[in-house]
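Spelled out from the first residue to the last, the chains are:
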Amino acid sequence: MSALPDRFGRPLRNLRLSVTDRCNLRCQYCMPEEDYVWLPKADVLTFEETLQLVDVFCALGVDKVRLTGGEPLLRQELPVFVRMLADRPAIREIALTSNGVLLAEHAAALRAAGLQRITVSLDTLDRGTFQMLSRRDDLARVLAGIDAARAAGFTDLKLDTVVIDGINDAELPALVDFARGKGAEVRFIEYMDVGGATHWRMDRVVSRERMLQQLTAAFGPIRAIPRNDSAPAERFTLPDGTTFGVIASVTAPFCATCDRARLTADGMWFTCLYAKAGTDLRAALRGGASVAELTQLVATTWAARSDRGAEQRAAMPDRTPLAARDALRASPHLEMHTRGG
Ligand code: SAM
Ligand code: SF4
Ligand code: SF4
C-alpha cells in the first residue's frame, strides 16, 4: 500500500493501540495521583471493533502495530487479539510495550499467538527505587518477566528507561550491563512533559548529552550508529560492541519523521502525543459508518495533520507540564496511560 502523506509528507505507518487505560503500577512520571477517572467499560472497544478500525488504518498504509496501555497485559484474552492481528497479511510487525509485571504469566501465550517483539519498561535495578518510582514492590516480577520473555523466544528484547535527575540517573551504566547480560538493548528516554507528568520540571530532565557523557565516562568512546528509519531512538555502540539507544524527545524532538498514530481503548484517535483533541472513531463506528466512510475520515484527518508537538514544546521558553491535574481529570484522554506511550 502506498503511504498516505500528511501536510509535512510524513506517511501513516505505525499504529499504537492502547488496549486498556488501567495499570498495575503508578509511575511517578505517568500516574502520580492518588486516584483517576477511568474510561467507562461500555466505551472500550471489543476486539472485533478494534480490528475494524485496524483494517481501515492498514488500508491507508499502516503495517506496524504496537500494543500498549495502560498496562496491556491487564486486558483479558490479549493473546486472542494478537492472533487476530497476526492473521492480517497487511501487518508486518506486531509489538508490545509492557511494564513486565505480568509478563512471566503471558509471554509464552503471546509468542504462540504471533507477537514478534516486546519492549519492557525498566527504570531501575534497585528495589527501593522501583518502589519509590512506581508505588509497587514489583521489581522481582518485572525481572522474572524479562527472563520469561527470552525463554519464550523474544530474543531481540528492548528495555526502555525513563531517566529522571536524582532518581535513576546514576544507574545508566548498570542498566547497560544488565541489558547486555540479558541479550537485550536498553533505550534511555528523556523525561517528557506529556499527559499525567504533572511533576515534570525541565531541571529533572536528563539530556541526551548528559547521558552520553556519563556512559562515555563509564565505558569509553561511544560511536553513533547511522540511522536509516523513522524510529525515535538514536542508537550508539560502546567500544566492546554493546549497543544502546537514546530517545531524546525533549532536547532533540523527532517530529519531522513521525509516522505514528495512537488509538485509545475507547476508540479516540490521536495524531500526536501532545494533541489536545482527537478524532472519535468509536462514535463513527458505533454510529454505523461504512468502511468507506471510516477510511475517508482517517485519510482526510491524516492528510490535514501538521502536528509537531514536541518541537513546539521545545521552543517554549518557560516550559511547564502540558496539563494540570484538574484538566487531566476533566479530560482523561490527555493522560499518557490512556493515550499509550
Ligand atoms: N504500561 C506500559 C509500560 O509502562 O511499558 C505501557 C504504557 S506506558 C504509557 C508506555 C511508555 O511510556 C513507557 O515506556 C513509559 O516509561 C513511557 N512514559 C510514560 N510517561 C512518560 C514520561 N513522562 N516521559 C517519558 N516516557 C514516559
Ligand atoms: Fe508506568 Fe506504564 Fe503504568 Fe504509566 S502506564 S504508570 S508508564 S507502567
Ligand atoms: Fe510525533 Fe507528536 Fe511525538 Fe512529534 S510530539 S514525535 S509529532 S507524536
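For clarity, every value in this text was computed on a predicted model and none was experimentally measured.

Criteria and cut-off values
- Residues numbered from 1 in each chain as written.
- Chains lettered and ligands numbered in written order.
- Predicted model: local features only at pLDDT ≥ 70, side-chain atom pairs only at ≥ 80, totals over all residues.
- Heavy atoms only, no water.
- Helix = DSSP H or I, 4+ residues; strand = E, 2+ residues; numbered from the N terminus.
- Buried < 20%, exposed > 50% of the residue type's maximum accessible area, 1.4 Å probe, protein only.
- Lys, Arg positive; Asp, Glu negative; His and termini not counted.
- Salt bridge = Lys/Arg side-chain N within 4 Å of Asp/Glu carboxyl O.
- Polar contact = N/O pair within 3.5 Å; in protein donor to acceptor, adjacent residues only side chain to side chain.
- Contact = heavy atoms within 4.5 Å.
- Near = heavy atom within 4 Å.
- Expected span 1.5 Å × (residues − 1).
- Arc of directions from axis to C-beta.
- Core = buried A, V, L, I, M, F, W, Y, C linked by side-chain atoms within 4.5 Å.
- Pairing = 2+ DSSP bridges.
- Axes fitted to C-alpha atoms, helices over the stretch in contact; angles between N-to-C directions.

**Student:** It is not clear to me how the side chain of Arg66 should be interpreted in this structure. Could you clarify?
**Tutor:** Among the secondary structure elements, Arg66 is positioned in strand 2 (residues 64-68). Of the buried charged residues, Arg66 lacks a salt bridge, with Glu93 as the closest side chain of opposite charge at 4.9 Å. Only 3.2 Å separates the side chain of Arg66 from the side chain of Thr119, close enough to count as a polar contact. Apart from the residues lying within four places of it in its own chain, the contact partners of Arg66 are Leu15, Arg16, Leu17, Ala95, Leu96, Thr97 and Thr119.

**Student:** Can you help me understand the site of ligand 1 in this one?
**Tutor:** As a matter of local geometry, ligand 1 sits amid 19 residues, with Tyr29, Gly70, Ser98, Ser121 and Met192 nearest to it. The separation between a nitrogen atom of ligand 1 and a polar main-chain atom of Gly70 is 2.9 Å. Contact distances for ligand 1 include 2.5 Å between an oxygen atom and a side-chain N or O atom of Ser121. Elements with a contribution of two residues or more to the shell around ligand 1: strand 3 (93-98) and strand 6 (185-190).

**Student:** What's the story with helix 5 (residues 139-151) in this structure? I'm lost.
**Tutor:** An α-helical segment advances 3.6 residues per turn. Residues three or four places apart therefore align on the same side. With 13 residues, helix 5 ought to run about 18 Å at 1.5 Å a step, and its terminal C-alpha atoms sit 19 Å apart, in line with that. Of all the positions in helix 5, only Leu139, Val142, Gly145, Ile146 and Ala149 are classed as buried. One face of helix 5 carries all of its buried residues, which in axial projection span an arc of 115 degrees. Helix 5 presents Ala140 and Ala151 as exposed residues on the side facing more than 90 degrees away from its buried surface. Next to the buried residues of helix 5 lie helix 3 (103-113), strand 4 (117-121), helix 4 (127-134), strand 5 (158-163) and helix 6 (172-182). Following helix 5 by one or two positions, Gly153 adopts a phi angle in the positive range, close to 110 degrees.

**Student:** Would you explain the nonpolar core in this entry?
**Tutor:** Note that soluble globular proteins tend to have their nonpolar side chains buried in a common cluster. By size, the foremost hydrophobic cluster in this structure holds 102 residues, and its most contacted members are Leu67 and Phe188. Among the elements that take part in this core, helix 1 (residues 47-59) stands out by supplying seven residues, more than any other. For Leu67, the residues in contact, after removing those within four places along its chain, are Leu17, Val19, Pro72, Leu78, Phe81, Val82, Leu85, Ala95, Leu96 and Thr97.

**Student:** Teacher, can you tell me more about the sheet that holds strand 1 (residues 14-18) here?
**Tutor:** Paired through their backbone hydrogen bonds, the strands of a sheet run either parallel or antiparallel. With mixed pairing, 12 strands are arranged side by side in an open sheet as 7-8-9-6-5-4-3-2-1-10-11-12. Where the open sheet ends on each side, the last strands, each with one partner, are strand 7 (223-224) and strand 12 (279-280). By the bridge criterion, four bridges tie strand 8 (residues 234-237) to strand 9 (residues 243-247) in an arrangement that is antiparallel. Following the sheet pairing, Glu234 is matched in strand 9 by Val246. Contacting strand 1, strand 2 and strand 3, helix 2 (residues 78-86) crosses the sheet at an angle of about 170 degrees to strand 2.

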